[in-house]
Protein chains: 2
Amino acid sequence: MSSYPSGRTRIRRVPELAKYDQDTLYQIIDAAYVCHIAFYDGTSTHCIPTACWRSGGHLYIHGSNGGRLMKLLSKGVEASVAITHLDGLVLARSAFNHSMNYRSAVIYGQFEQVIAEADKSAALDALMDKIAIGRKDEVRPGNSKETAATIVLRVSLTEAAAKVRCGGPLDDAKDMQIGAWAGVLPLEQVQTTPMPDGKYSAIPKYVQEWGGSWPVICSTILAGLGIASSSHSE
Amino acid sequence: MSSYPSGRTRIRRVPELAKYDQDTLYQIIDAAYVCHIAFYDGTSTHCIPTACWRSGGHLYIHGSNGGRLMKLLSKGVEASVAITHLDGLVLARSAFNHSMNYRSAVIYGQFEQVIAEADKSAALDALMDKIAIGRKDEVRPGNSKETAATIVLRVSLTEAAAKVRCGGPLDDAKDMQIGAWAGVLPLEQVQTTPMPDGKYSAIPKYVQEWGGSWPVICSTILAGLGIASSSHSE
């Protein structure tokens, strides 16, 4: 995708920030756990957040087969999906030139239901892999009742566009002598201290490597308890 | 709002997570810089991210008067606005019981244009106050051309609902003996090191108090340059 794939994915506002390449799109999606889905149910337009993940050229979502979102989207209602990462506030020397740094993607299309058992399992495995590689083999897999209660949907990523702003403020030349502080106040989504539910004799690598100070706190507690650092007690 | 304000704001999926009180709604909105807006233009449904802020009982947005979003919404098109904060991944002992911690709000309504000059100025001042109290008096205010090029819209917060999940996994009793690590892997939006555009002899308090290690890095640089810690050079 070197150009916009359709009229409605052509970015009109500040078009120089548009990105139509697959790499950018996939990076934005893969960095997200949540998307917002817009759809019209014949009466109202809805905007609903839900978990999402990518596998190949599709964005996947899942939910209860009793839910309105799943029921409507599985009928092939036209939808629009947005994913946004806010990277910072951009402070300019004039009120008008303030901005934000962000990475966003908007996808248009109709969701289709993933019905074949093998495809559905593979899709749900991909979600578990997104949380942590290896975890799907540690937990109890879904039984037939749970799998039947879950709808998996996917939408093609062919009609999509990304928009990325990064960098400092773009002030008017005449404003450059104004003394107001200008620059970027960055925001970042970070991983913080894991909170175990229960006591464990071993901590998986993906929990040890999650951010925050828990492994350190844990080491200190363990040292106090005389337990080796490869295991811990809450 | 002790109960849902309308049929379409009644939360049907996991209704015990619903929050219809004003405090929760306002806290979720005030913690956000960005919302997603869904609307139907007669042909397609769109989901567009944009900056937002609250003043009193309304959510405000702004944009170029040449933009599609602003043009359509100012005509009173039905819209739905969602704000979502992701607080963590919830790892359960079964694949099926995995979840997420989040705070989300969905608002339904029609935007109205803020036209009166004084109201428009007050709304844009409130946006600047959200970035940092005091900043609006430091920067160059909008001139008549800039103000005319900006549309400010607002939507009432009367038809809205919030949904909040926090806490650990809810496993089935029969799964509690499974050894898989269970707990919360938290995610948090944090403020990181400010990045100045240019050199400043004084750093405003709101930049000093922004997160990250910049003030410390800065102090070190300043010490090396022989400059007092109340001012800095990039």
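Residues numbered from 1 in each chain as written. Chains lettered and ligands numbered in written order. Predicted model: local features only at pLDDT ≥ 70, side-chain atom pairs only at ≥ 80, totals over all residues. Heavy atoms only, no water.

An unreviewed UniProt entry annotates chain A as Pyridoxamine 5'-phosphate oxidase family protein of Iodobacter violaceini.

Participant: Is there a simple way to think about the overall build of chain A in this case?
Facilitator: Helix and strand counts for chain A stand at six helices and 12 strands. When the 234 residues of chain A are sorted by exposure, 51% land in the buried category. Taking the contacts inside chain A whose residues are at least 6 apart along the sequence as the reference set, 68% of them involve residues at least 24 apart. By element, 53% of the accessible surface of chain A is carried by carbon and sulfur atoms, the whole surface being about 10,500 Å². (Helix = DSSP H or I, 4+ residues; strand = E, 2+ residues; numbered from the N terminus. Buried < 20%, exposed > 50% of the residue type's maximum accessible area, 1.4 Å probe, protein only. Contact = heavy atoms within 4.5 Å. Areas by Shrake-Rupley, 256 points an atom, 1.4 Å probe, with all protein chains shown as cover.)

Participant: Any chance you could explain the side chain of Ser-94 of chain A here in plain terms?
Facilitator: Along the polypeptide, Ser-94 of chain A turns up in the loop between strand E6 (78–91) and strand E7 (99–110). A distance of 3.1 Å separates a polar atom in the side chain of Ser-94 of chain A from a polar atom in the side chain of Asn-97 of chain A. If near-sequence neighbours (up to four positions away) are discounted, Ser-94 of chain A is found in contact with Asp-171 and Asp-175 of chain A together with Val-139 and Arg-140 of chain B. (Polar contact = N/O pair within 3.5 Å; in protein donor to acceptor, adjacent residues only side chain to side chain.)

Participant: Would you mind going over the relation of the copies chain A and chain B with me for this structure?
Facilitator: The operation linking the two copies of the chain is a rotation about an axis combined with a translation along the axis. After a rotation of 180° and a shift along the axis of 0.0 Å, chain A superposes on chain B with an RMSD of 0.0 Å. In short, the pair behaves as if placed about a two-fold rotation axis. Among all C-alpha atoms of chain A, that of Gln-189 of chain A lies closest to the rotation axis, at 2.1 Å. The share of interface residues of chain A whose copies in chain B are also at the interface is 100%, consistent with both copies meeting through the same surface. (Least-squares fit on C-alpha atoms with pLDDT ≥ 70 in both.)

Participant: When you look at helix H3 (residues 117–131) of chain B in this model, what are you seeing that I'm missing?
Facilitator: An α-helical turn contains 3.6 residues, so any two residues separated by three or four positions project in the same direction. Over its 15 residues, H3 of chain B runs 22 Å from end to end, which matches the ideal 21 Å to within 8%, given 1.5 Å per residue. Where H3 of chain B is buried, its residues touch E6 of chain A together with strand E4 (53–55), strand E5 (58–64), helix H4 (144–149) and strand E9 (150–156) of chain B. (Expected span 1.5 Å × (residues − 1).)

Participant: Looking at this structure, I do not really get the interface of chain A and chain B. What am I missing?
Facilitator: When the parts of a complex come together, some accessible area is lost, and that lost area is often used as the size of the interface. Each partner contributes to the interface: chain A provides 77 residues, whereas chain B provides 78 residues. Summed over both sides, the interface between chain A and chain B buries roughly 6,800 Å², with carbon and sulfur atoms accounting for 64% of that surface. Of all residues in chain A, Thr-45, Arg-140 and Trp-181 of chain A bury the most surface against chain B, accounting for 11% of the area lost on that side. Our enumeration of links across chain A and chain B arrives at six salt bridges. Of the charged contacts in the structure, one is a salt bridge between Arg-140 of chain A and Asp-175 of chain B, with a shortest N-O distance of 2.7 Å. Along the contact surface separating chain A from chain B lie 39 residue pairs in polar contact (both at pLDDT 80 or more). Taken together, the elements giving at least two residues each to the side of chain A that touches chain B come down to strand E2 (34–40), strand E3 (45–51), E6, E7, helix H3 (117–131), strand E11 (183–191), strand E12 (195–196) and helix H5 (205–208) of chain A. Sorting elements by how many residues they give to the side of chain A that touches chain B places E11 of chain A first, with nine residues. Here the residues of the side of chain A that touches chain B sort into 42 nonpolar, 20 polar and 15 charged. (Buried area = accessible area lost by both parts, 1.4 Å probe. Salt bridge = Lys/Arg side-chain N within 4 Å of Asp/Glu carboxyl O. Nonpolar A, V, L, I, M, F, W, Y, C, P; charged D, E, K, R; others polar.)

Participant: How should I be thinking about the sheet that holds E4 of chain B in this particular structure?
Facilitator: Pairing between the strands of a sheet is mediated by backbone hydrogen bonds and can be parallel or antiparallel. All names here are of chain B. Ordered by their spatial adjacency, four strands build an open sheet running E4-E5-E9-E8, and the pairing between neighbours is antiparallel. The outermost strands of the open sheet, each flanked by one partner alone, are E4 and strand E8 (112–113). Direction of pairing for E4 relative to E5: antiparallel, over a ladder of three bridges. Looking across to E5, one finds that Ser-55 is bridged to His-58. In the packing of H3 onto the sheet, the strands contacted are E4, E5 and E9, and the crossing angle to E4 comes to about 125°. (Pairing = 2+ DSSP bridges. Axes fitted to C-alpha atoms, helices over the stretch in contact; angles between N-to-C directions.)

Participant: Quick question: what am I supposed to make of the packing of aromatic side chains here?
Facilitator: The geometry of an aromatic ring pair is captured by two quantities: the separation of the ring centres and the angle between the planes. Taken as a whole and judged by the stated rule, the model has seven aromatic pairs over all chains. Taking the centre distance of 5.9 Å and the plane angle of 20° together, the rings of Trp-53 of chain A and Tyr-60 of chain A count as stacked. Using a relative accessible area of 1% as the deciding quantity, one classes Trp-53 of chain A as buried. A cation sits over an aromatic face here: Arg-54 of chain B above Tyr-26 of chain B, 3.9 Å from the ring centre. (Phe/Tyr/Trp six-rings, centres within 6.5 Å; stacked < 30°, edge-to-face > 60°. Lys NZ or Arg CZ within 6 Å of the ring centre and 35° of its normal.)

Participant: Help me out: how do you make sense of the environment of Ala-123 of chain B in this one?
Facilitator: All names here are of chain B. Positionally, Ala-123 belongs in helix H3. Here the alpha-carbon distance between Ala-123 and Val-152, two residues 29 residues apart in the chain, equals 7.7 Å. Here Ala-123 is in contact with Trp-53, Tyr-60 and Val-152, once residues within four sequence places are set aside.

Participant: Can you help me understand the environment of Ser-44 of chain A in this one?
Facilitator: Take Ser-44 of chain A: it is sitting in the loop between E2 and E3. Ser-44 of chain A sits in the buried class, given a relative accessible area of 7%. Setting aside residues no more than four positions away along its own chain, Ser-44 of chain A makes contact with Phe-39 of chain A together with Arg-8 of chain B. At 2.7 Å, the side chain of Ser-44 of chain A and the side chain of Arg-8 of chain B are in polar contact.

Participant: Before we go on, may I ask you to explain unusual backbone geometry in this structure?
Facilitator: A negative phi holds for most residues other than glycine; trans holds for most peptide bonds. Residue and element names in this part refer to chain A. Despite not being glycine, Val-14 shows a phi value in the positive range, around 50°. With respect to the helices and strands, the residue Val-14 is situated in the segment before strand E1 (18–19). Using a relative accessible area of 37% as the deciding quantity, one classes Val-14 as partly exposed.

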